[in-house]
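Per-entry structural report
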Amino acid sequence: MGKQIVKLTVNGEEHELLAEPRELLIHVLREKLNITGPHVGCETSHCGACTVDMNGRSVKSCTVFAAQADGAEITTVEGLGTPDNLHVLQEMFKEHHGLQCGFCTPGMITRAHRLLQENPNPTEEEVRFGMAGNICRCTGYQNIVKSILAAAAELNAAREAAQ
Amino acid sequence: MNDMTPEREDRVANLKGMGCARKRVEDARFTQGKGNYIDDLKLPGMLHGDFVRSPYAHARVLSIDTEAALALPGVIAVLTAKDLEPLNLHWMPTLAGDKQMVLADGKVLFQGQEVAFVVATDRYVAADAVELVEVEYEDLPVIVDPFESLKSDIVLREDLAGQTSGAHGPRKHHNHIFTWEVGDKDTTEAVIDDAEVVAEESMYYHRTHPCPLEPCGAVASMDKVNGKLTIHGTFQAPHVVRTVASLLSGIEEHNIRVISPDIGGGFGNKVGVYPGYVCSIVASIVTGKPVKWIEDRMENLMSTAFARDYWMKGRISATKDGKITGLHCHVTADHGAFDACADPTKFPAGFMNICTGSYDIPTAYLAVDGVYTNKAPGGVSYRCSFRVTEAVYFIERMIEVLAIELNMDAAELRRINFIRKDQFPYQSALGWEYDSGDYHTAWDKALKAVDYEGLRREQADRVAAFRRGETRTLMGIGLSFFTEIVGAGPVKNCDILGMGMFDSCEVRIHPTGSAIARLGTISQGQGHATTFAQILATEIGIPADSITIEEGDTDTAPYGLGTYGSRSTPVAGAATAMAGRKIRAKAQMIAAYLLEVHDDDVEFDVDRFVVKGAPERFKTMADIAYAAYNQAIPGVEPGLEAVSYYDPPNMTYPFGAYVCIMDIDVDTGVTDIRRFYALDDCGTRINPMVIEGQIHGGLTEALAVVLGQEIAYDDMGNVKTGTLMDFFLPTAWEVPTYETDHTVTPSPHHPIGAKGVGESPHVGGVPCFSNAVHDAFRPFGLRHSNMPHDHWRIWKTANGLGLHG
Ligand code: FES
Ligand code: FES
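Bear in mind that the values here come from a model prediction, so they are computed numbers and not experimental data.

What counts, and at which threshold
- Residues numbered from 1 in each chain as written.
- Chains lettered and ligands numbered in written order.
- Predicted model: local features only at pLDDT ≥ 70, side-chain atom pairs only at ≥ 80, totals over all residues.
- Heavy atoms only, no water.
- Pairing = 2+ DSSP bridges.
- Helix = DSSP H or I, 4+ residues; strand = E, 2+ residues; numbered from the N terminus.
- Axes fitted to C-alpha atoms, helices over the stretch in contact; angles between N-to-C directions.
- Contact = heavy atoms within 4.5 Å.
- Domains from an automatic or database assignment.
- Buried area = accessible area lost by both parts, 1.4 Å probe.
- Phe/Tyr/Trp six-rings, centres within 6.5 Å; stacked < 30°, edge-to-face > 60°.
- Buried < 20%, exposed > 50% of the residue type's maximum accessible area, 1.4 Å probe, protein only.
- Lys NZ or Arg CZ within 6 Å of the ring centre and 35° of its normal.
- Polar contact = N/O pair within 3.5 Å; in protein donor to acceptor, adjacent residues only side chain to side chain.
- Nonpolar A, V, L, I, M, F, W, Y, C, P; charged D, E, K, R; others polar.
- UniProt positions renumbered as here; feature names shortened; annotations may be inferred.
- Salt bridge = Lys/Arg side-chain N within 4 Å of Asp/Glu carboxyl O.
- Parallel < 35°, antiparallel > 145°, perpendicular 65-115°, else oblique.
- Left-handed = near helix turned anticlockwise from the far one by under 90°.
- pLDDT = per-residue confidence, 0-100.

Section: the sheet that holds strand β35 (residues 738–742) of chain B
Hydrogen bonds between backbone atoms are what pair the strands of a sheet, whose relative direction is either parallel or antiparallel. All names here are of chain B. Ordered by their spatial adjacency, four strands build an open sheet running β23-β33-β34-β35, and the pairing between neighbours is mixed. Each end of this open sheet is capped by a strand with a single partner; those strands are β23 (473–483) and β35. Taking the axes of each pair of neighbouring strands and ignoring which way they run, one obtains an average angle of 10 degrees across the sheet. The pairing of strand β34 (residues 671–681) with β35 spans five bridges and is parallel. What sits directly across from leucine 679, in β35, is aspartate 741. With respect to the sheet, helix α14 (residues 452–467) is in contact with β23, β33 (655–665) and β34, its orientation differing from that of β23 by roughly 145 degrees.

So this is what it looks like as C-alpha cells:
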C-alpha cells in the first residue's frame, strides 16, 4: 500500500510523516510520535479512551485515519499542562479523586477541556451529557463530574478576576 | 502519652497516615498522560502477535494452511498447536485443575477460540496475515445450555473421554466437571420439608464480563545471550505468572522476570493465564525478539474471563413469624469449554457457601454442579471475592421471595434474622467463621437515613395512583444487606496452583529517614502507592510522602499472590503493618541506645521514641534511621529493614446496607434511579476518599450488570454481545449520584482492623438494584424475573403482569 505524507501539528509541534492510507490517527500518535496519553479501549468509537482535540473539536482518534487529519491541529492530554504548571482540569482530577486506574483519564480530561470551551458554565446534567462519549470503568463518574464542575468554577473565577 | 497537644496533632497530620483522605500519588502521571500501560511499552526490534480465531463454537479443525500468510512481507512466523506440541505447550493447566488448549488441537470448543498465532513486524501486517491463514473446519453440533449438555450424547471434551473423575471428584457425565457439596443435606431437607413456611425460587445469574477499559496484553522478551526471559503484562498476580511460566517452559524461575506495569483496571479479568501470554512467550523464544500481544475489545469479551453464569435453585424455610430455619441451594454452573475458573484450589465454586448471607440460618446445604458447554472459559470473580456476588444475590433474592410468602416487610424480615452482634465470631452452617459485625446498627442507620417508613407510604400512594390511572410510573424500594468474605486466605485452606495465599511486604528505611516498601500485590487503580504508604506511616512514624511503594516486579518485590478478591488490604495490608512493627521494634532498641536508657524505658509516639515520663527526651525516626547506618550499636545489626510474609488467621467479613429508590415507566420499561444510599462497614478505614471512590465504581459496575450488561450467545454459540455496541457499559449519563455512609466494626484478627472494600459495593449493589425492580412490581404479583433488567425485559415483565391494559 502506498504511503502518503501527513502533516500534523500536535501539541504545538509540527510533524511530517509517512502513513499508510488505512493507518489510524491513534496509531500514528502512539507508535510514530510516542504520544501515549491517548489510549485504545475499543477501536469502535465507544469508549473515548482515544479522545483528542482536532481542529477545536473532540474526536475519537481510533476512528480517524491519519490521512484525514492531514494539516490538522491536534491537542492531546500531554499538551494541556506541564509538570510544573498543570492544567486546572488536571489539578481538579487529582484533588477530587477523579481517576483510579487512569486509563480513561487522558481521554476524559481532553474531552472535558473541550466541553468547558463549548459550555464554560455547565450544570451537572450538562457535564454528564457532554461526557457521555467517554467511558470509565472505575470511578462511577461521580468524582469525574465533581472534578469537571470544580474546574469550571476555577476557570470562571480566574476569568472574572482577569476582567 | 496520648494528649493531643497542638504540636502533637501537627506531627500526626504531617504523617498523612491511616484515616486521612490523602491525595493519590499515582495521579500526577495519569493526569498528564504519562502512565505506563502495557501497550505503551516498546522494545527494540519488537514484533507483534495476533490470533486467528475460530468462527465456530464447536468444530473439528481439519487443516490449517499458513503458506499465504507466511508469504506476506513482514510475517515472521505462524504458530499452530503442531508447533507448540514438541514443547508440550499446546495445552496448559488451568487454575481450576483442568487443562485448556493454548491453540486449537484437533477441534475448537467455543467461538473466538485461539487457532493460530501470527507474528509480524507490525500490527497491521499481523492483522492482514490473520486473514490469510486458511483453516478448514467441519462444524459439530453446538451446546450452549448446561442442562442440555448434561443430557447430551455429544462429548465436548474428547480429551477427557473415559475419565470418570476430575480435580474435584467424580464426574457424573462426559460433560460434567464436578459436584461440590457443603453442609448437611439430610437435616436441611428434613427441616425444610417440615417447615411452617417454605419459599422456592429458581434464578439465573447471567453470564457477563469484567471488561476493564484496558484489554489484556503482554510483551515477552527472551534474551538468548543471558538466558533471561522478561514478561511484561496485565497480570493481577505477577508472581504466580512467573511460577507458572517456569513450570510450563522449563526455564528456571530465577531466569524469569515478570513485570506488571500500570494496569488499566482488572476487576478479575487479569487474574487468569491466557493463550496470548503463552504464545507471546513461545514466539519470543522462537524468534529471539520481543513479541507484543494486545487483545482488542472483541477478543476480550469473547475469549478472556467471563463471570457468573450460575443457574441457582433455592428453597428457604421459616416459622410463621419469619424466623428462618433452613436454606437449600443447588447451582448448575456453566463453565464453558474448559474449567478455567479462578478460585482457590479447594473451592471449585469459590466461596459460594457464603450464601447464608448475613442471617443466622441454623441449617443449610449447597451443591454446585460444574458443566462444560461450547462457551468461552473463565469464571472469574468480577469485582467480588470468589463467587460471592452470586451467593449474595441468591440469598438477597430468597429473602425477598420469602417476605412475599410470609406477606411481611422485607426490611423487617432481614432484621429478625440478622446474626446478632453478640454472636460473633459466628460459625455459619456452611462452614465459615464470620469475624465481626454489627448488622442491626448498620441496618437501622440505613433505614433511618432514607426514611424507610416514609418511602413505603409514598410507594403505597403511588400504587394507588397507578391503579386509579393517574400515573404510569411505579416506584421500587430496593434493599440489600450483604456480608462479603474477602482476604483469601489462610494458607491452610487457600492456595492457587499449590501456592499458599499469603502476601508480603518488604520495607527498607533509608539513612536520611525516607523509605521504600515493596509488596507482593499489584494495583489496578486501587491506589496502593497511596494507601499502603499510609499504613506504614502510622506504623513507623515516617511521613507517607517520604515512602515509595513498589509492586509488580518479581525481581524486586517479595513473593505474593496478587490483587483480586479484595485481598490486598486484608493480606498485604496486614503484611505491611507487620513489617512496620518489626522496623519499630528494632528502632526502639536503637533509640534506647541513643538515649542511654533501657529498651523498655522508651515508647513510640507518632514519629519518635520518647523516654517514658520525659517526653522532652526523644529520638525521631529520622534520627534513628541515620543511626542505624552510621553507628556501631552493640548487639544490633546495621541497617533498618524488615520483611513480613503474612498468613491471615481468617478471612475478613466486610458488610453493608444499601437502599435504592427507582422509578420505572411501565410503558417503556425505562428505569430511573432516584436515590442510592450505601452504608459500608469495611472495618478500620485507611483512606476515606479512596474508599468512597471504590464504592462509586463498584456500584456502577453493579448497575451495569443488573440493567443490561450480558455476554449472550445464540443457539449456534455465536457471541451476540461482542462489542461495546451491544455490551452495556454505563456512561456518566446513566449513572446516579450515590450517597455513601459507614459504620466501623474493625476485624478483630487483622493487625490494623481493616477488612477490604473494593468489591463490597458490587456484591451488595447487584441485589439492591435488582430488588428495586422487583419491589416496584411486587404489588402486582411479581415474585422473580431474571436479570439483566433492561428496558425490553422490564417492559415484558410489566406486560406479563397485565399492566398494559
Ligand atoms: S478506542 Fe477510540 S473510542 Fe474506544
Ligand atoms: S479510571 Fe479506570 S477507567 Fe476510568
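Section: the domain arrangement of chain A
Residues and elements named next belong to chain A. Examined at the domain level, chain A breaks down into domain 1 (4–77) and domain 2 (88–162). Distance between the C-alpha centres of domain 1 and domain 2: 22 Å. If you look at the interface, domain 1 gives 19 residues, while domain 2 gives 12 residues. Contact between domain 1 and domain 2 buries roughly 1200 Å² in total, counting both sides, with carbon and sulfur atoms accounting for 55%.

A word on the packing of aromatic side chains
Residue and element names in this part refer to chain B. Taken as a whole and assessed by the stated rule, the structure comprises 38 aromatic pairs over all chains. A centroid spacing of 5.8 Å and a plane angle of 80 degrees characterise the contact between tyrosine 277 and tryptophan 293, whose relative ring orientation is edge-to-face. Pair noted here: tyrosine 277 is in helix α9 (residues 275–287) and tryptophan 293 is in strand β16 (residues 291–294), with a separation of 16 residues, a long-range link. Tyrosine 277 sits in the buried class, given a relative accessible area of 3%. Ring geometry for phenylalanine 676 against phenylalanine 769: centres 4.8 Å apart, planes inclined by 40 degrees, an arrangement best described as tilted. Here phenylalanine 676, found in strand β34, pairs with phenylalanine 769, found in helix α19 (residues 760–777); they are 93 residues apart in sequence, far enough to count as distant. Using a relative accessible area of 0% as the deciding quantity, one classes phenylalanine 769 as buried. Taken together, the aromatic side chains of Tyr359, Phe418, Phe424, Tyr439, Trp443, Phe481 and Phe655 make up a single cluster linked through ring pairs. One Lys or Arg, arginine 29, reaches over the ring of phenylalanine 30 and ends 4.7 Å from the middle of that ring. The cationic tip of lysine 99 hangs over the ring face of tryptophan 91; the distance from NZ or CZ to the ring centre is 4.6 Å.

Digging into the pairing of strand β32 (residues 641–646) of chain B
Residue and element names in this part refer to chain B. Residues Ala642, Ser644 and Tyr646 of β32 are buried on one face, while the alternating residues Glu641, Val643 and Tyr645, pointing to the opposite face, are not. Sheet topology places strand β26 (residues 503–509) next to β32; six bridges connect them, and they run antiparallel. By the bridge assignment, cysteine 505 is partnered in β32 with serine 644.

So, the interface of chain B and chain A
If you look at the interface, chain B gives 55 residues, while chain A gives 49 residues. Here chain B meets chain A over a buried area of about 4400 Å², counting both sides, of which 55% is carbon and sulfur. Looking only at chain B, the three residues that lose the most surface to chain A are Thr31(B), Tyr124(B) and Leu213(B), adding up to 18% of its buried area. Inspection of the region where chain B meets chain A yields 27 residue pairs in polar contact (both at pLDDT 80 or more). Where the side of chain B that touches chain A is concerned, the elements lending two or more residues are α2 (27–31), α5 (123–132) and α18 (688–707) of chain B. Element by element, the count of residues in the side of chain B that touches chain A is highest for α18(B), at eight residues. Looking at the side of chain B that touches chain A, its residues break down into 24 nonpolar, 17 polar and 14 charged.

Examining helix α1 (residues 25–32) of chain A
Note on helix geometry: an α-helix contains 3.6 residues per turn, so any two residues three or four positions apart are oriented the same way. Among the eight residues that make up α1(A), six are buried, leaving the element largely enclosed by the rest of the structure. Of the positions making up α1(A), those classed as buried are Leu25(A), Ile26(A), His27(A), Val28(A), Leu29(A) and Arg30(A). Where α1(A) is buried, its residues touch β1 (4–10), β2 (13–19), β3 (51–54) and β5 (72–75) of chain A together with α5 of chain B. Just beyond α1(A), the residue with positive phi is Asn34(A), at close to 60 degrees.

Digging into unusual backbone geometry
Residues and elements named next belong to chain B. In this chain, phenylalanine 424 is followed by proline 425 through a cis amide linkage whose omega measures -5 degrees. Within the secondary structure, proline 425 is located in the loop between α12 (410–417) and β21 (426–427). Residue methionine 787 is joined to proline 788 through a cis peptide bond whose omega torsion reads -10 degrees. Following the sequence through the fold, proline 788 ends up in the loop between α19 and α20 (791–800).

Describing the UniProt feature "domain: Aldehyde oxidase/xanthine dehydrogenase a/b hammerhead" (unreviewed entry) in chain B
UniProt tags residues 32–141 of chain B as "domain: Aldehyde oxidase/xanthine dehydrogenase a/b hammerhead" (unreviewed entry). As annotated, residues 32–141 of chain B has a helix share of 17% and a strand share of 36%, and its two end C-alpha atoms lie 52 Å apart.

Focus on the pattern of salt bridges
Per the counting criterion, the structure on display carries 71 salt bridges over all chains. Among the salt bridges present, the one from Arg24(B) reaches Asp27(B), with a minimum N-O distance of 2.8 Å. The two residues Arg24(B) and Asp27(B) agree in class, both being buried. Of the charged contacts in the structure, one is a salt bridge between Lys172(B) and Asp369(B), with a shortest N-O distance of 3.2 Å. Here Asp369(B) lies in strand β19 (residues 363–372) and Lys172(B) lies in the loop between β10 (169–170) and β11 (176–183), a separation of 197 residues in the sequence. Bridged by salt links that share partners, the residues Arg30(A), Glu31(A), Asp39(B), Asp40(B), Arg123(B) and Lys292(B) form one connected network.

A few points about the packing of helix α2 (residues 88–95) of chain A against helix α3 (residues 105–118) of chain A
Residues and elements named next belong to chain A. For the pair α2 and α3, interaxial distance at closest approach is 10 Å and the crossing angle is 125 degrees. Classified by the interaxial angle, the pair formed by α2 and α3 is oblique. The two elements α2 and α3 cross, and the hand of that crossing is right-handed. Along its contact with α2, which presents Leu89, Gln90 and Phe93, the element α3 presents Thr105, Met108, Ile109, Ala112, His113 and Leu116. Its residues assigned to classes, the contact of α2 with α3 comprises six nonpolar, three polar and no charged.

Describing the sheet that holds β26(B)
All names here are of chain B. Read from one edge of the open sheet, four strands run β28-β27-β26-β32, paired in mixed fashion. The sheet is open, and its two edges are formed by β28 (547–551) and β32, each paired on a single side. Taken pair by pair, the neighbouring strands of this sheet meet at an average axis angle of 15 degrees, ignoring direction. Note: strand β27 (residues 515–519) against β28, five bridges, orientation parallel. Note on β28: the bridge partner recorded for leucine 519 is glutamate 551. Sheet strands touched by helix α15 (residues 528–540): β26, β27 and β28. Its angle to β28, the strand with the most contacts, is close to 130 degrees. Strands β26, β27 and β32 of the sheet are contacted by helix α16 (residues 568–595), whose axis makes an angle of about 145 degrees with β32.

Notes on the domain arrangement of chain B
Residues and elements named next belong to chain B. If you check the domain split of chain B, you get domain 1 (8–35 + 503–646), domain 2 (38–140 + 215–263 + 270–303) and domain 3 (306–487 + 651–800). A C-alpha centroid distance of 40 Å is found between domain 1 and domain 2. Taken together, the contact pairs 20 residues of domain 1 with 19 residues of domain 2. Both faces combined, the contact of domain 1 with domain 2 buries some 1500 Å², and carbon together with sulfur accounts for 51% of it. The largest per-residue losses of area from domain 1 upon contact with domain 2 belong to Gln524, Thr554 and Tyr559, which jointly make up 37% of the total buried on that side. Our enumeration of links across domain 1 and domain 2 arrives at three salt bridges. A salt bridge links aspartate 555 to arginine 257, with the shortest nitrogen-to-oxygen separation between them at 3.6 Å. At the boundary of domain 1 and domain 2, one finds nine residue pairs in polar contact (both at pLDDT 80 or more). Split by residue class, the side of domain 1 that touches domain 2 holds seven nonpolar, 10 polar and three charged.

Remarks on the confidence of the model for chain B
Across chain B, the average pLDDT comes to 95, with 99% of residues at 70 or higher. Across the assembled chains, the prediction reports ipTM 0.98 with pTM 0.97.

Structural notes on the side chain of Ser260(B)
Residues and elements named next belong to chain B. Along the chain, serine 260 falls in the loop between β15 (256–259) and α9. Only 2.9 Å separates the side chain of serine 260 from the backbone oxygen of phenylalanine 235, close enough to count as a polar contact. Here serine 260 is in contact with Gly233, Phe235, Pro238, Ile522 and Gly552, once residues within four sequence places are set aside.

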